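If you want the building blocks of each chain, they are given just below.
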Amino acid sequence: MSPQIPSARGAELSGPARRTVLVGAVASAVALAAGTDTASARAASGGGDWPATFPLPNGFRPEGIAIGRAPYAYLGSLGTGAVYRADLRTGRGELLHPGVPGVPAVGMKVGRDGLLYVAGGAAGSARVLDLRTGAIVATYQLAPETGHFINDVHLAAHRAWFTDSSDRVLYGVPLGRGGQGDVRRVRLGGDWQQEPGLFNANGITSTPDGRALIVVSSQPVGRLYRVDPRTGHADEIRLEGADGVPNGDGLVRVGRTLFVVQNRFNLVTGFRLGADARTAVLRHRLTDPRFDIPATAARFGDRLYLVNARFTTPPTPDTTYDVVSVPLPGGAGADR
């Protein structure tokens, strides 16, 4: 998520003109990218007659999306910190958690333990919710409430790892109904480049072998890093077929295919990771006319579900928001 900092490209445009420029740029890049699989996602059902687009409450200001084994999507609000649960089979939903004043809900992940792990943005915190009741079962103050932005989360074997877009630190908390103890803070080093005043660490996932983490740094050029969670040592992942992933936001890995949501470009870029996740070859570029600055994505079955954050649309109580789904391109994850 990077709502507060404009894109380096197209920042002077707005509305239809901006979208026209970005879509044109994406189309040109797709045509020139040799050996890539180009897919213009079409409206299609998520399974049978499941809706390909469904609305969220007006004024909700969504950013994060998480999906577990059951066909439910969980969406977080930047404005209130509320969490909304939607049934993918029908598109209908209800409020699961009312939120905490002053604590946004940013990136989130569903655990196998029946809990939802939620990044707290500028509040510097993280929450753990019961998926059944929406009750808060643990809260962690990861960083001070100023100068930090807890952005996204990945669930590893024993810890939930959170990124901080304003500091070169990863935060690890134990999985489960813990509390304030045992927060691990790992400083990023090695190849990591921290850019003052910009959104740095954003989306996070694991390498295919589970031994390391993959973190995207959003701005200015968009870099992917392989990070050792024990030491914080970061190796920049060498990209083939792309110069970078500017405005990289949410990450979704399906086997050895890594999808990077590039929010303000209305684009999802897919790479095939090398066996050790030190290289990544461009394979897919996905765009869709329904995209309106998607921030993050989650997979269910053979589809990606993306939340339209609409960062360039002034938020009001009546502003509309939605979730859209696109089919996974052929071969994605087949080499897991």
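Here's a quick rundown of the structure. (Residues numbered from 1 in each chain as written. Predicted model: local features only at pLDDT ≥ 70, side-chain atom pairs only at ≥ 80, totals over all residues. Heavy atoms only, no water.)

## Observations regarding the overall build of the chain
The secondary structure content of the chain amounts to one helix and 27 strands. The 336 residues of the chain split such that 57% are buried. Counting only contacts in the chain whose residues sit at least 6 apart along the sequence, the fraction spanning at least 24 positions is 51%. Of the roughly 13400 Å² that the chain leaves accessible, carbon and sulfur atoms contribute 51%. (Helix = DSSP H or I, 4+ residues; strand = E, 2+ residues; numbered from the N terminus. Buried < 20%, exposed > 50% of the residue type's maximum accessible area, 1.4 Å probe, protein only. Contact = heavy atoms within 4.5 Å. Areas by Shrake-Rupley, 256 points an atom, 1.4 Å probe, with all protein chains shown as cover.)

## Side note on the sheet that holds strand 4 (residues 72-77)
Here we have four strands laid out as an open sheet, ordered 3-4-5-6, and antiparallel in their pairing. Strands with a single pairing partner mark the edges of an open sheet, and in this sheet they are strand 3 (62-67) and strand 6 (93-97). Sheet twist, expressed as the average angle between the axes of neighbouring strands with direction ignored, equals 30 degrees. (Pairing = 2+ DSSP bridges. Axes fitted to C-alpha atoms, helices over the stretch in contact; angles between N-to-C directions.)

## Observations concerning the layout of surface pockets
Approximately 1200 Å³ is the volume found for the largest pocket. Contributing to the lining of the largest pocket are 36 residues, with Ile67, Gly68, Lys109, Val110 and Arg112 lying nearest its centre. Of all the secondary-structure elements, those providing two or more residues to the lining of the largest pocket are strand 3, strand 4, strand 7 (108-110), strand 11 (150-155), strand 16 (201-206), strand 21 (248-254) and strand 25 (294-300). Taken together, the residues of the lining of the largest pocket break down into 20 nonpolar, nine polar and seven charged. (1 Å grid on protein atoms, 1.4 Å probe; cavity = no way out; pocket = protein on both sides within 12 Å on 5 of 7 lines; lining within 4 Å. Points joined across faces, edges and corners; volume = space filled by probe spheres on them. Nonpolar A, V, L, I, M, F, W, Y, C, P; charged D, E, K, R; others polar.)

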